[in-house]
Amino acid sequence: MNPEAPPLDNVGWLARSLAAVWHPCTQMRHHAAKGEDALPLIPICRGEGAWLYDFEGNRYLDGISSWWVNLFGHANPRINAALKSQLETLEHVMLAGFTHPPAVELAERLRALTDGVLGHAFYASDGASATEIALKMSFHYWKNRGKTQKNRFLCLSGGYHGETAGALGVTDVALFREAYAPLTRAAAIVPCPDARLASANETAADVARRAAQSLEARLAAESGSIAAFILEPLVQGAAGMVMYDPEYLRLARALCNRYQVHLICDEIAVGCGRTGTFFAHEQADIRPDLLCLSKGISGGYLPLSIVLCRDEIFQGFYDEAIVRGFLHSHSYTGNPLACRAALATLDIFAQDDVLNANRDRAHKLHAAFAPVFRHEKVRHPRQRGMILAFDVIRDDPAFPRRFYRAALENALLARPLGNTIYLMPPYILDDAEIAHLGNAVYKALTAAIT
Ligand SMILES: *Cc1c(COP(=O)(O)O)cnc(C)c1O
């Protein structure tokens, strides 16, 4: 008997985690709280498909793809096999001065997915870094062109682009922004074309046109000092799954062209098929100048982010002088294992015709949520592809945690964003799992509202 053997139950791991691990975006004291304020911490021993299992045999349907990253389930046999073979070949090599097949193949395949428009891939490890890279790249491009005064950024109200200091500057989530305001350089904010703002005789496209007028006024006045406009196409995730009409993207694209400002599409959350097309911006028939990808691109396996850019931007750095080159690197830039996971993920998209299959899945999801959407406390039910959300009329601050606990008790992982409840499941749910999702949300809602 080994007295040091790790405890095999939830309670043991829970205690050790609370003592040693500082959990992200969490008031740690809530994990110790009881009653209304309690926030359970669940030790997970394994995952399989859409399910997570704890140490006591309870299972939870991963309704939010483990923070929006997991596309094809946990322990996916195809991604596992690709990673095992990569592991036997090359685990890592620095990408400065060296290159390797997974980084090259992934860049080529992403270029093809943008019809060749975004032909150069810059690698990093997480979403916030991709934002930092896109902002720096835009600024430095204009600087190389002699337009040094273009050193500010524009973002949408409610936009979220990550939590490092630079990314926080273009993030308009009050909680984050206010806590660290003195550390950031705040971007200018233009109104979000939130479809919920439509008045009785307005469409979502009308709201988009109205918001675009504000954008135009801002650009007309300040484009000389603005390098780029960054937005989350179609759905603002962290703001509470705020959805808007593609018309806004079309107008924003035209205005950015007219006023010579880069358009950065942050598809970290909405890319990789989440909204129904592989890239969300495709639904507006546009291409950005810079595109940020992360989260789902590695299938939810490994940290990886990518910034894709147009050839014109790349050429703006092509020079003898080192200082005119792009000055940015991370130790794990272009990690071969992460790139291999991404290639395996793209293989699944191609081999299983995932976008088509998801159309069917999205219809079934919608049907499974009909009873939830009819609930008297539910407002603004909305869906875009594999994102489903609604707001709950409820003003007590304990509601989100109460819902979260009730969902767990109904074998579902779903973390509300304030009073917005959303589902962002992996693209593998079968009919029974879709029904479970709808039922569990309905039960959790009923339990949390009383
Ligand atoms: C999650 C997210 C980020 C930040 O990615 P991290 O990997 O968490 O740093 C940036 N933008 C959007 C739209 C996101 O959803």
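Here the structure is a predicted model, which means the values were calculated and not measured.

Novice: In this structure, what is going on with the pairing of strand β5 (residues 152–156)? I would like to understand it.
Specialist: Moving residue by residue along a regular strand, the side chains alternate between the two faces of the sheet. Counting buried positions along β5 yields 4 of 5 residues, so the element is predominantly enclosed. Pairing analysis gives 4 bridges linking β5 to strand β7 (residues 226–231), with the strands arranged parallel. Looking at the pairing, Cys-155 lines up with Ile-230 of β7. As paired elements, β5 and strand β6 (residues 188–190) share 3 bridges and run parallel to each other. Across the sheet, residue Leu-156 finds its bridge partner in β6, namely Val-190.

Novice: How should the domain arrangement of the chain be read in this particular structure?
Specialist: Interface size is often expressed as the accessible area that is lost when the parts come together. Splitting the chain by domain gives domain 1 (10–72 + 373–449) and domain 2 (80–351). Taken over C-alpha atoms, the centre of domain 1 sits 28 Å from the centre of domain 2. Counting from both sides, the interface comprises 23 residues of domain 1 and, opposite them, 27 residues of domain 2. Carbon and sulfur atoms make up 66% of the surface buried where domain 1 meets domain 2, a total of about 2100 Å² over both sides. On the domain 1 side of the interface with domain 2, the three residues burying the most area are Trp-68, Phe-72 and Arg-384, jointly 33% of the side's total. Counting every contact that joins domain 1 to domain 2 gives 1 salt bridge. The partner of Asp-391 in a salt bridge is Arg-196, with the nearest N and O atoms 2.9 Å apart. On the surface where domain 1 and domain 2 come into contact, there are 11 residue pairs in polar contact (both at pLDDT 80 or more). Elements that contribute at least two residues to the side of domain 1 that touches domain 2 include exactly α3 (65–68), β13 (378–384), β14 (387–392) and β16 (420–423). Ranked by residues supplied to the side of domain 1 that touches domain 2, first place goes to β13 with 4 residues. Split into classes, the residues belonging to the side of domain 1 that touches domain 2 amount to 14 nonpolar, 6 polar and 3 charged.

Novice: Can you walk me through the sheet that holds β13 in this structure?
Specialist: Hydrogen bonding along the main chain pairs the strands of a sheet, whether they run parallel or antiparallel. Reading across the sheet, the 3 strands line up as β13-β14-β16 and stay open at both edges, with antiparallel pairing between neighbours. The sheet is open, and its two borders are formed by β13 and β16, each paired with just one other strand. Looking at each pair of strands side by side, their axes are set apart by 15° on average, direction ignored. With 5 bridges connecting them, β13 and β14 associate as antiparallel partners. Looking across to β14, one finds that Gln-383 is bridged to Leu-388.

Novice: Looking at this model, I keep getting lost on the site of the ligand. Mind explaining?
Specialist: As a matter of local geometry, the ligand sits amid Trp-68, Asp-126, Gly-127, Ala-128, Tyr-160, His-161, Gly-162, Glu-232, Asp-266, Ile-268, Ala-269 and Lys-295. Ala-128 is positioned such that a nitrogen or oxygen atom in its backbone is 2.8 Å from an oxygen atom of the ligand. Tyr-160 is positioned with one of its backbone polar atoms (N or O) 3.5 Å from a nitrogen atom of the ligand. Summarising the interface, the protein chains cover 82% of the accessible area of the ligand, which totals 380 Å² for the free molecule. The class makeup of the residues in the shell around the ligand is 5 nonpolar, 3 polar and 4 charged.

Novice: Before we go on, may I ask you to explain the sheet that holds strand β4 (residues 120–124) in this structure?
Specialist: With mixed pairing, 7 strands are arranged side by side in an open sheet as β4-β12-β11-β10-β7-β5-β6. The two strands at the open ends of the sheet, each matched to only one other strand, are β4 and β6. Strand-to-strand twist of the sheet, defined as the mean angle between neighbouring strand axes without regard to direction, takes the value 20°. Packing against the sheet, helix α10 (residues 247–258) makes contact with β5, β6, β7 and β10 (262–266), and its axis sits at approximately 170° to β7.

Novice: What am I meant to see in the packing of helix α9 (residues 204–222) against α10 here?
Specialist: One way to put it is that α9 packs onto α10 with a least axis distance of 8 Å and a crossing angle of 20°. Compared by their axis directions, α9 and α10 come out roughly parallel. Between α9 and α10 lies a crossing of right-handed hand. Between α9 and α10, the contacting residues are Ala-205, Ala-208, Arg-209, Ala-211, Ala-212, Leu-215, Glu-216 and Leu-219 on the first element and Glu-247, Tyr-248, Leu-251, Ala-252, Leu-255, Cys-256 and Arg-258 on the second. Among the residues making up the contact of α9 with α10, the classes are represented as 11 nonpolar, no polar and 4 charged.

Basis of the calculations
Residue numbers here run from 1 along each chain, matching the order of that chain's written sequence. With the structure being a predicted model, the display of local features is reserved for residues of pLDDT at least 70 and the display and counting of side-chain atom pairs for 80 or more, all residues being used for whole-chain, interface and lining totals. Think of the side-chain values as coming from all heavy atoms in the structure, minus any hydrogens and water. Any residue under 20% of the maximum accessible area for its type is buried, any over 50% is exposed, and the rest in between are partly exposed; the area is computed with a 1.4 Å probe on protein chains only. Helix and strand labels come from DSSP, where a helix needs a run of H or I of at least four residues and a strand needs a run of E of at least two; each type is numbered from the N terminus. When DSSP locates at least two bridges between a pair of strands, those strands are taken to pair. Domain borders in the structure are assigned automatically or taken from a domain database. Every residue pair with non-hydrogen atoms within 4.5 Å of one another is taken to be in contact. Defined here as a combined quantity, buried area equals the accessible surface (1.4 Å probe) lost by two parts on assembly, summed across both. Should a side-chain nitrogen of Lys or Arg be within 4 Å of a carboxyl oxygen of Asp or Glu, the pair is scored as a salt bridge. Under the rule applied, a polar contact is a pair of N or O atoms within 3.5 Å (in protein, one hydrogen donor and one hydrogen acceptor; residues adjacent in sequence only if both atoms are side-chain atoms). The classification used treats Ala, Val, Leu, Ile, Met, Phe, Trp, Tyr, Cys and Pro as nonpolar, Asp, Glu, Lys and Arg as charged, and all other residues, Gly among them, as polar. Axis definition: a line fitted to C-alpha atoms, limited for helices to the stretch in contact. Angles are taken between N-to-C directions and run from 0 to 180 degrees. The cutoff for a nearby residue is simple: one of its non-hydrogen atoms must lie within 4 Å of the molecule or strand. Every accessible area reported is derived by Shrake-Rupley at a probe size of 1.4 Å, with residue values counting cover from the shown protein chains alone. Roughly parallel means an angle under 35 degrees; roughly antiparallel, over 145; roughly perpendicular, 65 to 115; everything else is oblique. Note: crossing handedness is left-handed where the near helix turns anticlockwise from the far helix by less than a right angle, and right-handed where it turns clockwise.

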